[in-house]
Structure formats: C-alpha cells, structure tokens
Amino acid sequence: MTSFTTTAADAAGKAPALSVQLPISGMSCASCVRRVEQALQKAPGVLEATVNLASDKAEVSLVSGTPASVLTEAIEQAGYQTRTEQFELSIIGMSCASCVGRVEKALRQQPGVISASVNLAAETALIEALAGNLDGGRLVAVVRQAGYDAASLSVGRDHDNDNVRREQEQHRLKRAFWLSAALTLPVFVLEMGAHFIPGMHQWIMATLGQPLNWGIQFVLTTLVLFGPGRRFLMHGLPALFRAAPDMNSLVALGSLAAWGFSVVATFAGTLLPAGTRQVYFEAAAVIITLILLGRYLEARAKGRTGEAIQRLLSLQVKTARVRRNDETLELPLAQVQVGDLVLVRPGERVPVDGTVQEGSSYVDESMLTGEPVPVAKEVGDEVVGGTINKNGALTFEATKVGGDTLLAQIIRMVEQAQGAKLPIQALVDKVTAVFVPVVMVVATLTFVLWLWLGPSPALTFALINGVAVLIIACPCAMGLATPTSIMVGTGRAAELGVLFRKGQALQSLRNSKVVAFDKTGTLTKGQPELTDLQVLSDLDEEEVLALVASVEQHSEHPIAEAIVAAARKRELKLAEPEDFKTLTGMGVCAIVKGRRVEVGADRYLKQQGHDLNAFKASAEKLANEGKSPLYAAIDGKLAAVLAVADPIKEGTPAAIGALHELGLKVAMITGDNSGTANAIADRLGIDEVVAEVMPDGKVEALKRLRERFGAVAFVGDGINDAPALAEADVGLAIGTGTDIAIESADVVLMSGDLRAVPNALAVSQATLRNIRQNLFWAFAYNVCLIPLAAGALYPLYGLLLSPMLAAGAMAMSSVFVVGNALRLKTFRSVMAE
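Everything numeric in this text was worked out from a predicted model, so none of it was measured.

> Just to check I follow, could you spell out unusual backbone geometry for this structure?
Only a minority of non-glycine residues have a phi that is not negative, and only a minority of peptide bonds are not trans. Backbone torsion omega between S456 and P457 reads -5°, so that peptide bond is classified as cis. Within the secondary structure layout, P457 lies in the loop between α15 (425-453) and α16 (458-472). Of note in this structure, D326 is not a glycine but carries a positive phi near 60°. Structurally, the position occupied by D326 is in the loop between β10 (319-324) and β11 (327-332).

> Whenever I open this one, the packing of aromatic side chains confuses me. Can you help?
Any two aromatic rings considered together are summarised by their centre-to-centre distance and by the angle between their planes. Tallied over the full model, the rule gives 10 aromatic pairs. Seen in terms of ring centroids, W777 and F816 are 5.9 Å apart; in terms of plane orientation they differ by 75°. Their pairing is edge-to-face. Within this pair, whereas W777 is found in helix α28 (residues 756-789), its partner F816 is found in helix α30 (residues 803-822), the two being separated by 39 residues in sequence. Given the relative accessible area of 46%, W777 is considered partly exposed. F816 sits in the partly exposed class, given a relative accessible area of 42%. Connected via pairs of aromatic rings, a cluster forms that spans F218, F226, W259, F267 and F281.

> What should I look at first to understand a nonpolar patch on the surface in this one?
Together, V441, L445, L449, W452 and L453 line one region of the surface with nonpolar side chains, adding up to about 570 Å² of accessible area. Positionally, L453 belongs in helix α15. Of the residues examined, L453 reaches a relative accessible area of 59% and is grouped as exposed.

> Explain α30 to me, please; I cannot follow it from the model alone.
Between its first and last C-alpha atoms α30 spans 29 Å; for 20 residues at 1.5 Å apiece the expected length is 28 Å, and the two agree. Counting buried positions along α30 gives 15 out of 20 residues, so the element sits mostly inside the fold.

> Please clarify how the packing of helix α8 (residues 209-226) against helix α10 (residues 247-267) should be interpreted in this entry.
Direction vectors running N to C along α8 and α10 enclose 155°, while the axes themselves pass 11 Å from each other. Between α8 and α10, the angle is such that the two are roughly antiparallel. Here α8 and α10 pass one another in a crossing that is left-handed. Between α8 and α10, the residues in contact are W214, F218, T221, T222, L225 and F226 and S255, L256, W259, V263, A265, T266 and F267, respectively. Grouping the amino acids of the contact of α8 with α10 by side-chain chemistry returns 9 nonpolar, 4 polar and no charged.

> Could you clarify how one ought to interpret the sheet that holds β11 in this entry?
Strand pairing within a sheet occurs via backbone hydrogen bonds; the two strands may be parallel or antiparallel. What the 6 strands build is an open sheet, ordered β11-β10-β12-β18-β13-β16; its pairing is antiparallel. Edge strands, defined here as strands with exactly one partner in the open sheet, are β11 and β16 (382-383). Bridge analysis of strand β13 (residues 353-358) against β16 gives 2 bridges, and the strand direction is antiparallel. Directly across from T355, in β16, lies its bridge partner E382.

> Looking at this structure, how should I read the side chain of T482?
With respect to the helices and strands, T482 occurs in helix α17 (residues 475-495). A relative accessible area of 2% means that T482 is categorised as buried. Not counting the four nearest positions on each side in its chain, T482 is found in contact with I424, Q425, I771 and L775.

> Help me understand the pairing of β13, please; the structure alone is not making it clear to me.
For a regular strand, side chains alternate in direction, first toward one face of the sheet and then toward the other. Two strands pair when backbone bridges link them, and β13 and strand β18 (residues 394-400) are joined in this way by 5 bridges, in the antiparallel orientation. Following the sheet pairing, T355 is matched in β18 by E397.

> Looking at this structure, how should I read the sheet that holds strand β29 (residues 712-716)?
Reading across the sheet, the 7 strands line up as β19-β31-β30-β29-β20-β27-β28 and stay open at both edges, with mixed pairing between neighbours. Pairing within the sheet leaves two strands with one partner each, and these edge strands are β19 (498-500) and β28 (688-690). When strand polarity is set aside, the average angle formed by the axes of neighbouring strands in this sheet is 20°. Alignment of strand β20 (residues 514-518) against strand β27 (residues 665-669), held across 5 bridges, turns out to be parallel. Its bridge partner lying in β27, F517 is registered against M668. Across the sheet, helix α26 (residues 697-709) lies against β20, β27, β28 and β29, angled at about 160° from β27, the strand it touches most.

> Just to check I follow, could you spell out the environment of D340 for this structure?
Residue placement: D340 occurs in the loop between β11 and β12 (341-344). Taking C-alpha positions, D340 is 6.6 Å from V322, a pair spaced 18 residues apart along the chain. Ignoring sequence-local partners within four residues, the contact set of D340 consists of V322, R324, Q335, F396, E397 and A398. Within the structure, the side chain of D340 is placed 2.7 Å from the side chain of R324, a separation counted as a polar contact. Of the polar contacts made by the side chain of D340, one reaches the backbone nitrogen of Q337; its length is 2.8 Å.

> Please explain the environment of N465 as it appears in this structure.
In this structure, N465 sits in helix α16. In the structure, N465 is positioned 324 residues away from A789 in sequence and 5.9 Å away in space, judged by C-alpha atoms. For N465, the contacting residues outside a window of four places in its chain are T446, W450, A789, A790, G791 and L800.

> Looking at this structure, how should I read the UniProt feature "transmembrane region" (unreviewed entry) in the protein?
UniProt feature "transmembrane region" (unreviewed entry): in the numbering of this structure it lies at residues 176-197, 212-229, 250-272, 278-297, 431-453, 459-482, 775-794 and 800-822. Along residues 278-297 one finds 85% helix and 0% strand; the C-alpha atoms at either end are 33 Å apart.

> Explanation requested: the pairing of β11 in the structure shown.
By the bridge criterion, 6 bridges tie β10 to β11 in an arrangement that is antiparallel. Its bridge partner being in β11, A320 is matched across the sheet by L331. Hairpin geometry of β10 and β11 is characterised by an intervening segment of 2 residues between the two adjacent antiparallel strands and by a positive phi of about 55° at N325.

> Sorry, what's going on with the confidence of the model for the protein here?
Any region with low pLDDT has predicted coordinates that should not be read closely. When pLDDT is averaged along the protein, the result is 81, and 89% of the positions lie at 70 or above. Element-level pLDDT for the protein is lowest in strand β1 (residues 3-5), with a mean of 36, against a maximum mean of 92 in β12. Overall, residues 1-15 carries pLDDT values under 50, and its contacts beyond four positions in sequence, including any with other chains, amount to 25 contacts. This model gives residues 737-741 a pLDDT under 50, and the stretch forms 13 contacts once residues within four places in sequence are excluded.

> Could you clarify how one ought to interpret the pattern of salt bridges in this entry?
Side-chain pairing between opposite charges can occur once the charged atoms of the two side chains come close. Summed over the entire model, instances satisfying the criterion amount to 19 salt bridges. The residue R324 makes a salt bridge to D340 at a minimum N-O spacing of 2.7 Å. In this pair, R324 is assigned in strand β10 and D340 in the loop between β11 and β12, connecting sequence segments 16 residues apart. Linked by salt bridges that have partners in common, R321, E330, R345 and E348 make up one network.

Cut-off values and rules
Residues numbered from 1 in each chain as written. Predicted model: local features only at pLDDT ≥ 70, side-chain atom pairs only at ≥ 80, totals over all residues. Heavy atoms only, no water. Helix = DSSP H or I, 4+ residues; strand = E, 2+ residues; numbered from the N terminus. Phe/Tyr/Trp six-rings, centres within 6.5 Å; stacked < 30°, edge-to-face > 60°. Buried < 20%, exposed > 50% of the residue type's maximum accessible area, 1.4 Å probe, protein only. Patch = residues over 30% accessible without salt bridge, like charges linked within 9 Å, V, L, I, M, F, W, Y side chains within 5 Å. Areas by Shrake-Rupley, 256 points an atom, 1.4 Å probe, with all protein chains shown as cover. Salt bridge = Lys/Arg side-chain N within 4 Å of Asp/Glu carboxyl O. Expected span 1.5 Å × (residues − 1). Axes fitted to C-alpha atoms, helices over the stretch in contact; angles between N-to-C directions. Parallel < 35°, antiparallel > 145°, perpendicular 65-115°, else oblique. Left-handed = near helix turned anticlockwise from the far one by under 90°. Contact = heavy atoms within 4.5 Å. Nonpolar A, V, L, I, M, F, W, Y, C, P; charged D, E, K, R; others polar. Pairing = 2+ DSSP bridges. Polar contact = N/O pair within 3.5 Å; in protein donor to acceptor, adjacent residues only side chain to side chain. UniProt positions renumbered as here; feature names shortened; annotations may be inferred. pLDDT = per-residue confidence, 0-100.

Shown next, in the form of structure tokens:
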C-alpha cells in the first residue's frame, strides 16, 4: 500500500515526499537492477529509488504531485515493463463538469495513479494505477472526501443494480419535482397572478392582506427550499466552504439570496432602504422547481444513453441446458464449464461460445455482426453466445464461458469506449476548471455595479441580476456535451457491428486521410479457390479435374487444397495416386489409374518438354486478372490450364468506392508479387500499391504513406497484422466470429464485409459532428445569456432576465444537449451489407 514518508527534502522546506511501490517485469540480474535504479533516479520528481531483484519491485520516493506516468515512462525507456491495474467506480452526486474536474483531480493526486477519467453521463470513473499501490476502498474514500458518494465496481459488475440505482434516482427526482411544483404553484399565483388576472391584486389585499400573503409565501417557499431543494444545499454549501464550488453551489446561493432577502423584507422590512421592500419568494421556489424538472428530464435522457449496453446485456441468457454423465441439467450460466456439452433448441439463444458437435441449423448473428442473413452451422463450426438458433437443434462443446465469451468482451469494449475522453474534451476541461468561480465573481461584480450605478431601487436591481447570473450559468451542459455523444455513438456503432475498442479512435478515425488495406483475408477471402478450368476440346472437363485433384490431394500447398476442394464440391471421385513426386516451387506428378499426370507452373511443364502455346492467350488473360495460371499434362500431352486465385470479397469494390466518395485515398499493402497486386488494384481502383512486403515491412510502408498523405487508418485481418494495426493512427481489425484482433486494434469490425469500414468512418464523423454541435450550444448558451442575465441590455433596451426564466433556461440547456446526443440512436448504415 502507499505510504507517506518524511525526508530531508521536507526539512529543507521542499514539498513532502511520497513513497510509491513500483512493480517491474523483465529484470534478470544485478546489472538490470542498476540500470533500472539509474533510470528512475534520473526521472523528474524522483528523490530516491531502490530496486529489489527478488521481489521485482522498486521503492520510489517522489516529490508530492509528481505523476506516476513519469515512472512508467522511465521504466519503458530502460527496456523493462511495469504492471498496472484498473479500478472502476460508480460516482453518485455529480451534477456538472466542475464536479468531474474535482473528482478527477482528487483521484490523480493519489500516489501511484497513472490516469483517472470521470464520465458525467455514465456516472463512472476509470482509474489506472501502478499495481499494488491502491485498492478500491481507498479510492472510494478519496471520492467521498471530495464531497461525493462512490462505490467500487467489479469487472463483471451487476448491471441490474446499476439500473435499479438510476431508476431510484429518477423516482426521487420525479417525486421531489412534483412536491416542489405543488408547493410552488400557490406562491407563484399569489405573487405573479396579478400580472395575468385583472383585479387579483386587489382581491388578495382585501382578503389576505400583505402580511399574511407574504407569510404564506414564506412558509411554502421555505418548505420548497429545505425540502425538495435540500439536495442543492447539502451538496452546494459544503463545496462552497471547501473553496471548490460547483453547479449546486450556484443554485444554492441564488435561491438562498432570493429567499433571504425576502425573509428580511417580510419580518424586518425597516432594515431595508426605502423603496426596496419587495419579496422574491416566487423566484426562489420557481428556481428550485424548474431545476428539479431539468434534473429529472436529464436523468431520464441519460438513462437512454446506455440502452446499447442494455441491449447487449439482454443477449445473455440466465441458464443453459447442459449434458453431464448422460443427464441433461438446467444450470445457471455461471456454472457452465469449458468442455461441457450444451444443448440449444430452435428459437433459443446460444448461452456461451463453443464448437458444434451434433446437429445443423441456421444461426442469427445479426446482433453481433450487423449482418441480417442467418449463418449455416454444422458439426465443427463455431457458435457465439448471445446469437439465436433459428430452426435446428444443436449440441456444442463449450469453449469459452463467463468473461471470456465474445459477448462479454464486446460489452467490456463498449463500456471502455463509452468511458473514454476524446482530445476535443481538453478545451472543455480547461474552461470548466475555472468556470464556477468565474461565474461567482461575475455575479458579485454584477451585484456591486447595479448597487452602485443602477436606478432606484438599486438594491432590488442588484439582487435580481446577481441571482440571475448565478442561476443562468450552466456547466452541466458543458460536462454532458462530449460523454453523452460518445456513449450513444459507440453504442449505436456496436449495434451495427463496429466496436470502438478505444474511444479516442472516434476522433482520430475521422481525421484519416488514407485507408490502407492488407490484401489476403481482408480485401480477399483469404482462401484460394479454383476460378478457371479450360481443357482441350477432345477432353472431358470433369475427368481432367478428377485426375488433377487425385494428384494434388497429398500436397499441403494452398493451391492444391483449392483444386481438391473444387473437385469435392462437384462430388467427383478421387483415386489414390502412385509414384507421387513433387518439385518444390515447380509442380507435382503421379500415376493415377495407370495414367501419368503432371501439374505445375509454366516453367515445370516446359522443363518436362511440353509446348504451352495452345493456352498462351488464356494464360496471359488470367495473369492480368491477378490469377495464378497452372498447367496440366496427361499421358505426356498438354491437357488443360487452370487458374487459382484468392477471390475478392463481395463487398470490397463497393467499400472502396464509398471511401473514394468520402475523399480518402485507398492503399493496399501485400506480400504478393507486384504483377498480381497491381492487377487486383486495377480491378478495384486502388490508388497506391505496396507489394512484396514482409510482415515487418508493413510498418515502414505505413510510415511512408503517412508522410505523403497524412493520418493513416490500416485495415487488417488482425492476426498477422498486429504491428501494422498498432503503428497506424487508427487500426481496424476485420474478421468474423471469434477471429478478432482485440488487443492490437483501435476498432474491431465484427463483420467480414469491408462495407463496415465506411460505416465506421460515418459513425465517427456523425459522432464528432454531434459533439461539436453540443459544445457549440453549451458554450454559446453561456456566452450569450450570462451578459443578458447581468443586465447588459438594460441600458439600451430596458431588458432584464428574470431569475425564474434563467432557471428554466439553465434546466433546459442540459436536456437539449442530451436530447441532441440521443439523435445518434437513429444513425443508419451508409452502406447496406
């Protein structure tokens, strides 16, 4: 655990030192220890560092305030690694961007914390810290010391409890609003009714009289302020006393100022200057009521931002039918083990990931991949938990359960993306860090200036405008502008089969100038197929194919496998070859049913003395199409030309066309020879080709593309392309089923169709556009209305903003921002798959 130590630095008047425990991986000897110690001691803010080889840990003394990232960078530069751990907290009681900044600051000040990101919309905090320095309990205590409630969330947390908590909060806000509204309505009618109903003022004076009228307003407003409005006082005043005011502080100050002035006017009016004895109970009561309404509507809207996660969670079944010891049991999902045989009937959801052992069916995987067409499943095929078995009974062996299933990984990725902070948020954080104190200063100056320069009664004008400034300011909208859009955008993308593993990819993907594709398995299917077979006119095509496939069935070369697969697809009967011979890189020959069959490249057949002119034109045509021509000879005579190619995926041409329409350059990086690569590029309209590149050369190719065009997005199959996916500004792993590069990619495309790439770009652009709209309105709202609330238009037009109208506008601004973000739920694919 973290400990605090006093060092000589303290005695010298320097900042106090903190002791941090740093786990280190990769050390093997005393020289490693010395190297690590030297690296740490050179790091800024480090007072002392002692490394223990036996425990693989370092005890580091730091100047208070030194970020832990300094230590991790020093370790990595020295060639070693350190271990980190993540904590997730539920934060209760935040109301605006100032709250977010305060919680983040408190968490980041803890020794060992590398990063802390708080999401106002999701009401969560994600903390990364050096392993072994902190625990969830300590972090919860830190948040509570900052003035908010918190609870530690486990990785596999109970989302139902989260929903219950949010629903309870909505219910409390709803109840508080209606109670406040019921108490406020009589106050509003008594004070403002005369403005709408002729003769009402005289009737009130005649029946109630002013003292009783004000007394009734005092009682009802006090009940509002210290009843439903107590939440603002309980959170806002302590924050004010800690010199860390937030939105609740502004509401508390504004409503208390209006209420307090009115109390003095009611019970000690002689203390006020002549002509200023007025009450503003209705302003205090209406302020509380309208802001409670805004909070309630905001809570309802924020609940809808997490609907994508709820849909994913709804795919998880509660129980599974498992066969054990010849007995079928209905077990809770948590009790299903790897290796269990799981039975799924038609219409049921697949509970966990597995491999089919018995039966055949069609499975609807649309909720995971975004593809509407059910996928055929037979023995040996993989099934994914959460998908729907359509029409046949299946028995499969469980291969992944619990948190290891694909659905669980998807949920974790979406949650992490939704909790991310984009670079665009940096400006908002800087503004909101000083926003509330600045507003309080502006409100004070407004009060003083009106008291000094305002018309009679100056105190009344000063009070009204000062309160209006306090109430109109709204860092809530600023704090919600980015996270709500991220939550809805990434959630909608997940429903379309596009998983933003890192939230930052939302912004960086939009900035891409060139999209580079791996060829095999990405632009193409990744499995060679026999595409052409041309035989001499006097020969039977199926007989020739059967003879050639009989020879090739013992070869492990992908081309041979493609020929054999084509023969079996036609249900041709293959014979066992005799005297089989192979010449690596050239071809094969064997005796099949007493006939000599030779198959290979042109150079092999020429070496065997065959004249290939009969198929010269056909071979050239095939090569120009990016196919690999082969020749076959039977009994010493040229018999056929075959072509094997890796077919281009069905959606590839349309996807590349869509990227061009978006104004992007398209590149292909492949290890294939230049001729084949250029032929494919010509067919697809690819702008740049980098051919004959080894896997490690793809990184350099990406760097060159970046220098020429700008930010690069790389799309690969995610298994052999990990270095390139990591090097690109945005890495997109494309694959189907469970073959997904979760660790290397920033974005994971669940579908194998490349049309998901322009869809991912479109989601990115729509989300960033939505964020910019939210930020514009959040900032414009304050820039325009704070001067109006301060009375800037009064000298010219005689216009003042009532505190009641200020409260209504402030409440609605947050609802507007969240409502605008929710429009992303209606986003539609730019390309149908």
